[in-house]
Each structure stands twice: as structure tokens, then as C-alpha cells.
Amino acid sequence: MTQPSGAPMTPGGTRSAVAAHPVTSAIIAILILASIFFAVWVPLYASATPKIGDFPFFYAYLLIYMPVLGVVMWIVITLQHRMRAGSPRPGDDNGEVAR
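Please read all numbers here as calculations on a predicted model, not as lab measurements.

> If you had to explain the overall build of the protein chain to someone new, which residues and values would you point to?
A tally of helices and strands in the protein chain yields 3 helices and 2 strands. Listing the helices and strands of the protein chain from first to last along the sequence gives α-α-β-β-α. Among the 99 residues that make up the protein chain, the fraction classed as buried is 13%. Nonlocal contacts in the protein chain, meaning residues at least 24 apart in sequence, comprise 49% of its contacts between residues at least 6 apart. When the accessible surface of the protein chain is totalled, it reaches about 8,100 Å², and 70% of it is carbon and sulfur.

> With reference to specific residues and values, describe the confidence of the model for the protein chain.
Interpretation of this model should avoid reading the predicted coordinates in detail wherever pLDDT is low. Residue-level pLDDT values for the protein chain average 77, and 69% of them are 70 or greater. No element of the protein chain has a lower mean pLDDT than helix α1 (residues 17-20), at 71, and none a higher one than helix α2 (residues 22-40), at 91.

Cut-off values and rules
- Residues numbered from 1 in each chain as written.
- Predicted model: local features only at pLDDT ≥ 70, side-chain atom pairs only at ≥ 80, totals over all residues.
- Heavy atoms only, no water.
- Helix = DSSP H or I, 4+ residues; strand = E, 2+ residues; numbered from the N terminus.
- Buried < 20%, exposed > 50% of the residue type's maximum accessible area, 1.4 Å probe, protein only.
- Contact = heavy atoms within 4.5 Å.
- Areas by Shrake-Rupley, 256 points an atom, 1.4 Å probe, with all protein chains shown as cover.
- pLDDT = per-residue confidence, 0-100.

Rendered as C-alpha cells:
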């Protein structure tokens, strides 16, 4: 008798992308949680000082945070596409015509 592997299986019987790539999935989770943390942790940017020029720090924080967040989300999407690249999608025939 065989023992179950404990890895989640898709209906086709193969492992899910998350189970097949645990390190990549962990990196994605950490990046998303860090993005949420730096947006929600108010004491990081809610102070009158320091000022950058005539602007409070909050404006400079947003000007830095938004492009960094865009790059982080691009990395997350790229990693997600790389995880899915190994598993065939339904209806994906690589451009070949069925005979």
C-alpha cells in the first residue's frame, strides 16, 4: 500500500504550483506581507519631522514607496508566471494543430 505524499494534488493528479515551488511561494508571500506592513505601520511615516525641503516626510515616503511597491509587485507577478510556466495549462497545445 502506498502512503499519500501530503502534497496538495490538482484534479489531474499533479501537485499544485504552490506545493511544487515552496521557496518561490514563500518569497511571494514575504514580499506581499512586507508591502502591506510598510503601508499599514503608521509610526514609520506619521511624524512632523523630518522634513524634506518644505514637504513633510509623509509625502516623500509616498513618493518613494509607490515606485518601490510597483517594482515589488512586478517581481511577484514575474515569480507567479515562472511558477505556472512549468505546469501545462488546459487547452495549451504550443501552437500545434491537432490531427
